[in-house]
Amino acid sequence: MNIDKIVTIDDLRAAARRRLPLIAFDFIDGGVESETCLARNRQTFQNYRLLPRYFVDISERSQKTTLFGVTYDSPLGICPTGISGLWRPGADEMLAQAAAEANIVFAFPCASNSRVEDGLARAPDNLWYQLYSSRERAVGQRLVGRIADLGFKTLVLTADVPIVPKRERNLRNGFTRPLKFKMSTVIDGLSRPGWLMDYLKAGGGTPMMPAWQSYVKEGATPDQVADFFGTQTPASEQTWADVEHYRRIWPGNLVIKGLLHPQDAVRAADLGIDGIIVSNHGGRQLDMAPTPIDMLPLIRAAVGEKMVLMVDSGIRRGSDILIAMCLGAQFAFIGRPTLYGVAAFGLPGAKKAIEILRKEIDVNLGQMGRTSLAELGPHCLMQREPPFRIMGEEPAAREAAAPSRKIGHA
């Protein structure tokens, strides 16, 4: 498909599906178990309607947004996604450049196949850094120190991967550790010459994860590095004590990605966390999890203005981002849209995904009779379904077992 014919994020998805073998496309596109959460993430936006106001001068509109003292041109960021070099070598560097050119955020992943220094070279002012808590605290502490030395101001700690989930598309395709290439997978790869050529030029096999390379012996293969990464994540024993630890050692803005419960959000605020990304990991972790859009009003009510609230999961339209902002989000992150774009077309595809969403934000904002994001709120929405609620209180014993305490910045 010619990139000039791309009109929607769904078009980018179709283009990525044509270029990638199924084992690669399904890793991006798939969810967990029955993928009901994946579908619900999209459906939940249909519970809301944006209310238009007319006879308003909308000739000048702005979607500029300020987070942690930095002003971005849109309320839009790119989520971290590991091993994206398998879909397009250098994908994270392309995403970084696309973010810099659009002046938005890219949360650079610790499981990237690109060096973080190469990402910074393309986007020195637009990168945050994403981290998984490691089983050995010293490993994570060393990585955090390196990121601080490189000048990062915002660290994103992912909370919602405590255990390896059952991603059934991956299991069927043999996308496991180690990779299991079936004959059908090989034939499928051979039928995608564009992807295959890039894959072979990059060396074939498992791409290297440079952030973890220094923790294994010199000359270790990409598979050995990936194996070490697998020994460190997921950290099923991580607790709030680990959050306190990262708050102590990280001097900048600390964001937690993946919280859905209001009590967890309150606890994060009490520990001095600067922001949270309300997320269910794009439907890739807990299939029966609520959607971030359902939980966002409850979390906003619980924490008030104590921290920056952001959101991801299921966003495919600019109107989705506006709905999230009306419900209390200050920023929204996308994962699959830019991955579809970079997988299909490289850097131009990533830029196209951002362009599509920005234009939709602008058009919908104008249709609503609003000239800035500051004018958005619940008064701009109609809701089709009754508000969601938590059905019961958490047992007091669980909260008492791990008391919260405030931790200031290091």
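Coordinates for the structure precede this section.
Residues numbered from 1 in each chain as written. Predicted model: local features only at pLDDT ≥ 70, side-chain atom pairs only at ≥ 80, totals over all residues. Heavy atoms only, no water.

Engineer: Report on the pairing of strand β5 (residues 105-108), specifying residues and quantitative values.
Structural biologist: Of the two faces of β5, the one lined by Val105 and Ala107 and the one lined by Phe106 and Phe108 are each fully buried. In terms of strand pairing, strand β4 (residues 76-78) meets β5 through two bridges, oriented parallel. In the sheet register, Gly77 faces β5, and the bridge partner there is Val105. Remark: the β5/helix α5 (residues 116-122)/strand β6 (residues 127-132) crossover connection has right-handed handedness. (Buried < 20%, exposed > 50% of the residue type's maximum accessible area, 1.4 Å probe, protein only. Helix = DSSP H or I, 4+ residues; strand = E, 2+ residues; numbered from the N terminus. Pairing = 2+ DSSP bridges. Right-handed = clockwise from strand over helix to strand, strands pointing away.)

Engineer: Quick one: what's the story with the sheet that holds strand β8 (residues 253-259), residue by residue and with numbers?
Structural biologist: Taken in spatial order, the eight strands close into a barrel running β4-β5-β6-β7-β8-β9-β10-β11, and their pairing is parallel. Pairwise comparison of adjacent strand axes, ignoring direction, gives a mean angle of 30 degrees for this sheet. Two strands pair when backbone bridges link them, and β8 and strand β9 (residues 275-278) are joined in this way by four bridges, in the parallel orientation. When the sheet's bridge partners are listed, Val255 is paired in β9 with Gly275. Against the sheet, helix α4 (residues 91-102) touches β4, β5 and β6, its axis set at about 155 degrees to β5. (Axes fitted to C-alpha atoms, helices over the stretch in contact; angles between N-to-C directions. Contact = heavy atoms within 4.5 Å.)

Engineer: Which residues make up the packing of aromatic side chains, and what values do they have?
Structural biologist: Applying the stated criterion across every chain, the model contains 17 aromatic pairs. Ring centres 6.3 Å apart and planes at 25 degrees place the aromatic pair Phe25 and Tyr340 in the stacked group. Here Tyr340 lies in helix α15 (residues 336-345) and Phe25 lies in helix α2 (residues 22-29), a separation of 315 residues in the sequence. Exposure class is identical for Phe25 and Tyr340. Each is buried. Each ring, one from Trp128 and one from Phe333, has its centre 5.7 Å from the other, and the planes form 55 degrees; the classification is tilted. Here Phe333 lies in strand β11 (residues 331-334) and Trp128 lies in strand β6, a separation of 205 residues in the sequence. Among the residues examined, Trp128 registers a relative accessible area of 3% and is labelled buried. Put simply, the rings of Phe68, Tyr72, Trp128, Phe331 and Phe333 pair up and form one aromatic cluster. Its end group placed over the ring of Tyr215, Arg142 keeps NZ or CZ at 4.4 Å from the ring centre. The positively charged end of Arg284 is found above the aromatic ring belonging to Phe27, 4.9 Å away from the centroid. (Phe/Tyr/Trp six-rings, centres within 6.5 Å; stacked < 30°, edge-to-face > 60°. Lys NZ or Arg CZ within 6 Å of the ring centre and 35° of its normal.)

Engineer: A description of the environment of Ala302 should follow, citing residues and the corresponding values.
Structural biologist: With respect to the helices and strands, Ala302 occurs in helix α13 (residues 292-303). Residues Ala302 and Asn2 lie 300 residues apart in sequence; the distance between their C-alpha atoms is 47 Å. With near-sequence residues (within four places) excluded, Ala302 lies in contact with Pro262 and Val266.

Engineer: Got a sec to walk through the pattern of salt bridges? Specific residues and values, please.
Structural biologist: Counted under the stated rule, the structure contains 23 salt bridges. The residue Arg42 makes a salt bridge to Asp320 at a minimum N-O spacing of 2.8 Å. Residue Arg42 is found in helix α3 (residues 36-43), and its partner Asp320 is found in helix α14 (residues 318-326); the two are separated by 278 residues along the sequence. A relative accessible area of 27% means that Arg42 is categorised as partly exposed. Of the residues examined, Asp320 reaches a relative accessible area of 3% and is grouped as buried. (Salt bridge = Lys/Arg side-chain N within 4 Å of Asp/Glu carboxyl O.)

Engineer: Pulling in residues and values, what's your account of the pairing of β6?
Structural biologist: Taking burial as the measure, the six residues of β6 include six buried ones, the bulk of the element. Covered by surrounding structure in β6 are Leu127, Tyr129 and Leu131 together with Trp128, Gln130 and Tyr132, the residues of both alternating faces. Bridge count between β5 and β6: three bridges; the pairing is parallel. When the bridges of β6 are listed, Phe106 appears paired with Leu127.

Honestly, it's all geometry; don't read function into it.
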